[in-house]
Amino acid sequence: MMRGLFDPPPSLPTMRHLPTHAALLALAAALAGPAIAADPPKKASFGAGKSGAPVLTREELRACFARQAKVAQTDEQLPKDKAALAATQDELLRSGESMKAAMETLDRTNEQAVTEFNEKSQARDKRIDEHQARVAEFNTRVQAAQGERDAFVKACANRDYFEEDAAAIKRGK
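Residues numbered from 1 in each chain as written. Predicted model: local features only at pLDDT ≥ 70, side-chain atom pairs only at ≥ 80, totals over all residues. Heavy atoms only, no water.

## Quick look at the state of the cysteines
In step 1: Enumeration over the complete set of coordinates arrives at 1 disulfide.
In step 2: Shown here is the disulfide that connects C64 with C156, its sulfur atoms set 1.9 Å apart. Taking the torsion about the S-S bond as the criterion, the C64 to C156 disulfide, at about -90°, is left-handed. Of this pair, C64 sits in helix α2 (residues 58-104) while C156 sits in helix α3 (residues 111-156), and the two are 92 residues apart along the sequence. (Disulfide = S-S within 2.5 Å. Helix = DSSP H or I, 4+ residues; strand = E, 2+ residues; numbered from the N terminus.)

Structure, rendered in structure tokens:
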């Protein structure tokens with residue numbers, strides 16, 4: 001068969017084949033689209049609920065992790081300090097009872113015994129004052145810890161963040 005002057009070469013598609021080729025290209029693009037598109041970043045949260053707030057930036061997330069670590073460290077340390085204060089208080093109560101018993105048997109005519117008793121009493125009073133100062137300092141730390149906990153809740157609780165940002169922060173980036 002002889003080709004006419006205006007007939008396309010056999011290797012090129014004719015106009016009647018263009019809709020078929022376009023449909024095939026569109027179908028290939030549609031099928032390849034989901035495979036090529038990246039998965040959306042996975043999110044995590046500091047709480048169970050949704051706050052409706054925007055996702056934390058990496059710097060906000062870094063600050064939240066620091067606050068969370070500080071709150072956890074304080075929550076671990078405060079009970080230990082409270083137990084130490086309670087033990088000191090128990091020891092002071094026992095020493096007070098032993099001082100009462102010693103005072104009942106104290107020979108008030110013996111000046112040296114009275115002086116020793118007064119020195120022990122003054123030393124105990126000094127330990128009580130020191131203990132009360134430690135209790136006041138402990139109470140101040142408890143209030144500060146509550147403030148830090150409240151700040152963490154306000155800034156971070158129920159806020160979403162991207163897991164890849166958390167991983168980057170943990171890697172030191």
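Right, picking up where we left off after that structure.
## Brief notes about the pattern of salt bridges
In step 1: Enumeration according to the criterion identifies 9 salt bridges in this entry.
In step 2: Between R62 and E59 there is a salt bridge, with the nearest N and O atoms lying 2.6 Å from each other. A residue pair is termed a helical-turn pair when its members lie 3 or 4 positions apart in one helix, as R62 and E59 do in helix α2 at 3 residues.
In step 3: Classification of E59 as exposed rests on a relative accessible area of 53%.
In step 4: The partner of E91 in a salt bridge is R127, with the nearest N and O atoms 2.7 Å apart. Residue E91 is found in helix α2, and its partner R127 is found in helix α3; the two are separated by 36 residues along the sequence.
In step 5: Classification of R127 by relative accessible area gives partly exposed; the value is 34%.
In step 6: Residues joined in a network through salt bridges with shared partners are D81, E137 and R141. (Salt bridge = Lys/Arg side-chain N within 4 Å of Asp/Glu carboxyl O. Buried < 20%, exposed > 50% of the residue type's maximum accessible area, 1.4 Å probe, protein only.)

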